[in-house]
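Summary of structural features
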Amino acid sequence: SNPTSSFVLNTFTGHHTAGRYALHSSFTADDSVLISGSEDGNAVLYHAITAEALATLEGHEQPTCAVAASKDQSEGSIHPDDACVVTASYDGSAIVWANSEDYMKWQD
């Protein structure tokens, strides 16, 4: 294999709006989901293999320019089975999204 070669593995389109602003994308810790910012203020979660839109996170008033997913899902982490996503927008806000209502309970 040639380390200087690149191959397109998938293209994620149709569910997020892009073209005028720089938008960030990020994979979840297990690389199964791609999260993309969108100019409509949303963030879209895509299945990494099929490119199917799995969910839309709606909460910003201006373009969602940055996204990040929790990376530590090891057995010793605080919430190894839960996912956490942070989105930031040109509206000046940042939102923490979680797949569990218990996510923010740091202690028993």
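The notes below deal with the structure included here.

1. A few points about the sheet that holds strand β1 (residues 25–27)
- Across the sheet, four strands lie side by side as β1-β2-β3-β4; this open sheet has antiparallel pairing. In the strand order of this sheet, the two ends are held by β1 and β4 (53–58), each with one partner. Each adjacent strand pair in this sheet contributes to an overall mean axis angle of 20°, direction not counted.
- Strand direction decides the pairing type here: strand β3 (residues 42–47) and β4, joined by five bridges, are antiparallel. When the bridges of β4 are listed, valine 44 appears paired with threonine 56.

2. What about the sheet that holds strand β5 (residues 64–69)?
- Here we have three strands laid out as an open sheet, ordered β5-β6-β7, and antiparallel in their pairing. Single-partner strands in this sheet number two, and they are β5 and β7 (94–98). The mean inter-strand angle of the sheet, taken between neighbouring strand axes irrespective of direction, is 20°.
- In the sheet, strand β6 (residues 84–89) pairs with β7 via five bridges, with the strands oriented antiparallel. Looking across to β7, one finds that threonine 87 is bridged to isoleucine 95.

3. With respect to the side chain of threonine 64
- The topology assignment puts threonine 64 in strand β5.
- Owing to a relative accessible area of 0%, threonine 64 belongs among the buried residues under this scheme.
- The residues touching threonine 64, leaving out its near neighbours within four places in the chain, are Leu23, Gly37, Ser38, Gly41, Asn42, Ala43, Thr87, Ala88 and Ser89.

4. A look at the side chain of threonine 87
- By the element assignment, threonine 87 lies in strand β6.
- Among the polar contacts made by the side chain of threonine 87, one reaches the side chain of histidine 60 at a distance of 2.8 Å.
- Setting aside chain neighbours within four positions, we find threonine 87 in contact with Ala43, His60, Thr64, Ala66, Val67, Ser93, Ala94, Ile95 and Trp97.

5. Points about the nonpolar core
- Of all hydrophobic cores here, the largest spans eight residues; its members are Val33, Ile35, Ala43, Leu45, Leu57, Val67, Ala69 and Val85.
- Listed by contribution, the elements that provide at least two residues to this core are β2 (33–37), β3 and β5.
- When sequence neighbours within four positions are dropped, the list of residues in contact with valine 67 reads His24, Ser25, Ser26, Ile35, Ser36, Gly37, Ala43, Val86 and Thr87.
- Ranked by size, the runner-up nonpolar core spans five residues in total, among them Phe12, Val44, Tyr46 and Ala51.

6. Concerning unusual backbone geometry
- Of note, the phi angle at aspartate 31 is positive, near 60°, even though the residue is not glycine.
- Relative to the helices and strands, aspartate 31 resides in the loop between β1 and β2.
- Assessed through its relative accessible area of 49%, aspartate 31 is described here as partly exposed.
- A positive phi angle, near 65°, is found at alanine 51, a position not held by glycine.

Criteria and cut-off values
Per chain, residue numbering runs from 1 following the sequence as it is written. Only residues with pLDDT of at least 70 get local features here, since the model is predicted, and only at 80 or more are side-chain atom pairs given and counted; chain-wide, interface and lining totals rely on the full set of residues. With hydrogens and water excluded, all non-hydrogen atoms of the structure serve as input to the side-chain values. Pairs of strands are assigned from DSSP output, requiring at least two bridges between the strands. Counting from the N terminus, the helices are DSSP H or I runs at least four residues long and the strands are E runs at least two residues long. Simply put, an axis is a line fit to the C-alpha atoms, just over the touching stretch for a helix, and the angle between two N-to-C directions goes from 0 to 180 degrees. Partly exposed residues are those whose accessible area sits between 20% and 50% of the maximum for their type, while under 20% is buried and over 50% is exposed, using a 1.4 Å probe and protein chains only. Only heavy atoms enter the contact rule, under which two residues are in contact if any of them lie within 4.5 Å. Think of a polar contact as two N or O atoms within 3.5 Å of one another; within protein, one of them needs to be a possible hydrogen donor and the other a possible acceptor, and neighboring residues in sequence only count if both atoms come from side chains. Note on terminology: a nonpolar core comprises buried Ala, Val, Leu, Ile, Met, Phe, Trp, Tyr and Cys residues joined through side-chain atoms within 4.5 Å.

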